[in-house]
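Residue-level listing of the chains:
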Amino acid sequence: MDISRLIDPLNEPQRQAVCTDSQHTLVLAGAGSGKTRVLTHRIAYLVETGQASSFGVLAVTFTNKAAKEMRSRIESLMMQPPKGMWVGTFHSLAHRLLKTHYVEAKLPEQFQVLDSDDQLRLVKRIVKDLNLDDTKWQPKSAQWFINGQKDEGKRFKHIPPSSDFHEQGMLKIYEQYELICQQTGVVDFAELLLRAHELWLNNPEVLKHYQERFRHVLVDEYQDINSIQYAWLRVLCGENANLMVVGDDDQSIYGWRGAKVENILRFSEDFPKVETVKLEQNYRSSGHILKAANAVIDNNSGRLGKELWTDDEDGETIRLYAAYNEHDEARFIADDIDGQSDEFNEMAILYRSNAQSRVIEEHLIRMSIPYRIFGGHRFYDRLEIKNAMCYLRMMLNRHDDTAMERIINLPVRGIGNKSIDTMRIFARDQGISFWQAASQIVEHKILPNRACSAIEGFLTLINDIDSQSDEMNLAEITDFIIKQSNLIAHHQKEKGEKGRTRVENLKELVSAAASFINESDNSDLSEFVSQASLDAGDNQADTHEQAVSLMTLHSAKGLEFDRVYLAGLEEQLFPHKMSMDDPDGLQEERRLCYVGITRARKHLCISYAESRRLYGNEQFNASSRFIREIPNEHLQEIRLNSQVSRPVMFTETPKEIMSDSGFQLGQDVNHPVFGRGVILSCEGIGTNARVEVQFIESTKWLMLQFAKLEAV
DNA sequence: CCGGGTAACATTTTT
DNA sequence: TGTTACCCGG
């Protein structure tokens, strides 16, 4: 067996990771250090050396895109599809398990996945049904509460009763929510993981089967793992599995939705005999860019400690543009892009929050630069697509209340809110499904004639579509549905651009169905519907068209571009004001900045605006502390026609300022009046040096000279 | 049932 | 300030 092609292209640490004999391996892989390569080569190596059968390998990722990519790279390395190997996201693997073991998981065979949209809808209804004030218990935060609990592995019954009035309400909502989900057979995203975890805990024989099967488990983006995912993994791996996790603590940017970096630290404690491999050679960015990234992230505390290096030349320095306002900034970027000869596909404009994109778009349009915005709504989340999917769901299951409520009067067929309310109450009182309620109301003429015949029209429509589409394949059914239901006609009537894109999207759905048949060799309606809720539907597919990418820093993770523009590096915006007062939040912002910088291969341009109009009022924010954390020698300030050296305020990096004060950023300190605190940032030198300290109650700027701070 | 008026809102997002 | 969700009048 010739495995040299798997080994030769690797550098030393990569090889060490790929060929390790350790049972548990933690690969700390910096940005651009080849982590996917390690993962895929490792899998191919295991299979080709006979240490594992592809049947016994499970590889888990966070996004479908990553899973797809991994699968295809494994396939091309092994020169054949990895038969029987499980490669997928946590959610899709959990879904698969639950589908297979639906009985043990106490789910109906045709359970459906509830996406966040439907989930919110359901929570809204519950809040209303419980007669709770929806300003005090906002459905959004109730949804957040529920998901947060589930992410921690906690069901209603696990949470002790609270004395807090507000939390009592939340718990009531949670309880009711669990009940309805179970009754109607729907499972939300967090529930998929929770159930899959419980499935194993409650069914040792099922667990044993998978433990014996999956001798090798590999995890990508390990720093993003949350508690329930961690628990799930741990149970699966048991005592005997070989586990390799790959991640980068410096790129953990999803703490706010439950990801726990600490799981990286815990790894060595929870699993015995862990071998740690660090991948620190970066193959992506040129020297200045990389050194700047290192300098920024160096201000974080509690890191596992990695320092990226490159063989590459220093390359271009990072350009820094101080704009007057956000329009000047956007105009500058558009101008600059216009003057480059690079391909548009190789350029990206990254920003902290979506609100920033509009001004940039305006100026790109003005310069006729093609662009593509990433993020925003997923294909399958679009209104028209969801509606069509709900028709499909009705084919599968007439008692899918969520789906039925959505489409019963869409397109409008004369069933008003009042009729729907009556039906809902009827259904609830009788303990029957929406569909059954509708049938009975028609049968017993409970509502006025006009309403009854409208409802009857809906019932027969669904039944007719179902019976007539009996012999059709998935794509044909989809096509049939959007026509029979009048959805197409309905959107065609919509005026303007909107209607047209909606019609196009519906047609796109038909081709999505067609390619689903081809790709997965499957024409099963239920599979298609699940896949739709678990898959983003690959946002924008027309990558062959040259266009500049616009996206938030979060969505940029995992991508790389020759030329990157980081816009809006201002205090309050980046670091964002919602996060900057909390030390952990600030560190996460800094990691986000690190992610941003390391997206660039050759050119990086950072900009900030001295004034910015946000939500109607003009703000004057200081430039971001992150800019100041980049050592001078990597930066070059640009003005339009002349090059100006950096202003005085940039001459010292925070590190330098702090070094002669005896304190460090992130250090715990004690203040005679304010008590315990943490140093967040600093500015000025000598007698002017000030530090920003986060105390328990507040955040304060203190002159180092006068404040009697002592290190703790 | 539509569409206008208005009040509330505005990190980050995958599954 | 721009968007969006929701309410009410025609």
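Worth saying up front: this structure is predicted, and the values here are computed from it rather than measured. (Residues numbered from 1 in each chain as written. Chains lettered and ligands numbered in written order. Predicted model: local features only at pLDDT ≥ 70, side-chain atom pairs only at ≥ 80, totals over all residues. Heavy atoms only, no water.)

Student: Give me the lowdown on the packing of aromatic side chains, citing residues and values where you can.
Tutor: On inspection of all chains with the given rule, the structure shows 16 aromatic pairs. Judged by centre distance (6.1 Å) and plane angle (15 degrees), the rings of Tyr 210 and Phe 214 are stacked. Within the aromatic cluster, the residues linked to one another by ring pairs are Phe 62, Trp 86, Phe 90, Trp 200, Tyr 210, Phe 214 and Trp 232. It is Lys 99 that lies over the ring of Phe 111; its NZ or CZ is 4.9 Å from the centre. The ring of Phe 55 carries the charged tip of Arg 213 above its face, separated from the ring centre by 3.7 Å. (Phe/Tyr/Trp six-rings, centres within 6.5 Å; stacked < 30°, edge-to-face > 60°. Lys NZ or Arg CZ within 6 Å of the ring centre and 35° of its normal.)

Student: Run through the packing of helix 16 (residues 383-396) against helix 21 (residues 474-484), naming residues and quoting values.
Tutor: Two quantities define a packed helix pair, namely the angle between the axes and the distance from one axis to the other. Remark: helix 16 packs on helix 21, axes separated minimally by 10 Å, with the N-to-C direction vectors making an angle of 115 degrees. Classified by the angle between their axes, helix 16 and helix 21 sit roughly perpendicular to one another. For the pair helix 16 and helix 21, the sense of crossing is right-handed. Packed against helix 16, whose contacting residues are Ala 388, Tyr 391, Leu 392 and Met 395, the element helix 21 presents Ile 477, Thr 478, Ile 481 and Ile 482 at the interface. (Axes fitted to C-alpha atoms, helices over the stretch in contact; angles between N-to-C directions. Helix = DSSP H or I, 4+ residues; strand = E, 2+ residues; numbered from the N terminus. Parallel < 35°, antiparallel > 145°, perpendicular 65-115°, else oblique. Left-handed = near helix turned anticlockwise from the far one by under 90°. Contact = heavy atoms within 4.5 Å.)

Student: Tell me about the protein's contact with DNA strand B, and please be specific about residues and values.
Tutor: As a structural note, the neighbourhood of DNA strand B is formed by 28 residues, with Arg 352, Asn 354, Thr 552, Ser 579 and Tyr 615 the closest of them. Of what DNA strand B places within 4 Å of the protein, 51% of the atoms are sugar or phosphate. Contacts to DNA strand B include Asn 64, whose backbone N or O atom sits 2.8 Å from a phosphate oxygen. Residue composition of the surface near DNA strand B, by class: 9 nonpolar, 15 polar and 4 charged. (Near = heavy atom within 4 Å. Polar contact = N/O pair within 3.5 Å; in protein donor to acceptor, adjacent residues only side chain to side chain. Nonpolar A, V, L, I, M, F, W, Y, C, P; charged D, E, K, R; others polar.)

Student: Break down the environment of Glu 570 for me, citing the residues and quoting the values.
Tutor: Take Glu 570: it is sitting in the loop between strand 13 (561-566) and helix 26 (583-597). Owing to a relative accessible area of 0%, Glu 570 belongs among the buried residues under this scheme. In this structure the C-alpha to C-alpha distance between Glu 570 and Gly 558, which are 12 residues apart in sequence, comes to 24 Å. If we skip the residues at most four places from it in the chain, Glu 570 touches Pro 575, Tyr 608, Ala 609, Arg 612, Asn 621, Ala 622, Ser 623 and Ser 624. (Buried < 20%, exposed > 50% of the residue type's maximum accessible area, 1.4 Å probe, protein only.)

Student: Describe a negative patch on the surface, listing the residues and the values that go with them.
Tutor: Residues Glu 262, Asp 581, Asp 582 and Asp 584 make up a contiguous surface patch of negative charge. Structurally, Asp 581 can be placed in the loop between strand 13 and helix 26. Residue classification places Asp 581 among the partly exposed residues on the basis of a relative accessible area of 42%. (Patch = residues over 30% accessible without salt bridge, like charges linked within 9 Å, V, L, I, M, F, W, Y side chains within 5 Å. Areas by Shrake-Rupley, 256 points an atom, 1.4 Å probe, with all protein chains shown as cover. Salt bridge = Lys/Arg side-chain N within 4 Å of Asp/Glu carboxyl O. Lys, Arg positive; Asp, Glu negative; His and termini not counted. Charge placed at Lys NZ, Arg CZ, Asp CG, Glu CD.)

Student: Report on the protein's contact with DNA strand C, specifying residues and quantitative values.
Tutor: Close to DNA strand C lie Lys 124, Arg 358, Arg 613, Tyr 615 and Gly 616, which account for all nearby residues. Protein-proximal atoms of DNA strand C, defined as those within 4 Å of the protein, fall in sugar or phosphate at a share of 54%. Lys 124 is positioned such that a nitrogen or oxygen atom in its side chain is 3.4 Å from a phosphate oxygen of DNA strand C. Taking Gly 616, its main chain carries an N or O atom lying 3.1 Å from a sugar or linking oxygen of DNA strand C. Class assignment for the residues of the surface near DNA strand C results in 1 nonpolar, 1 polar and 3 charged.

Interpretation note: all reported values are geometric properties and have no functional meaning in isolation.
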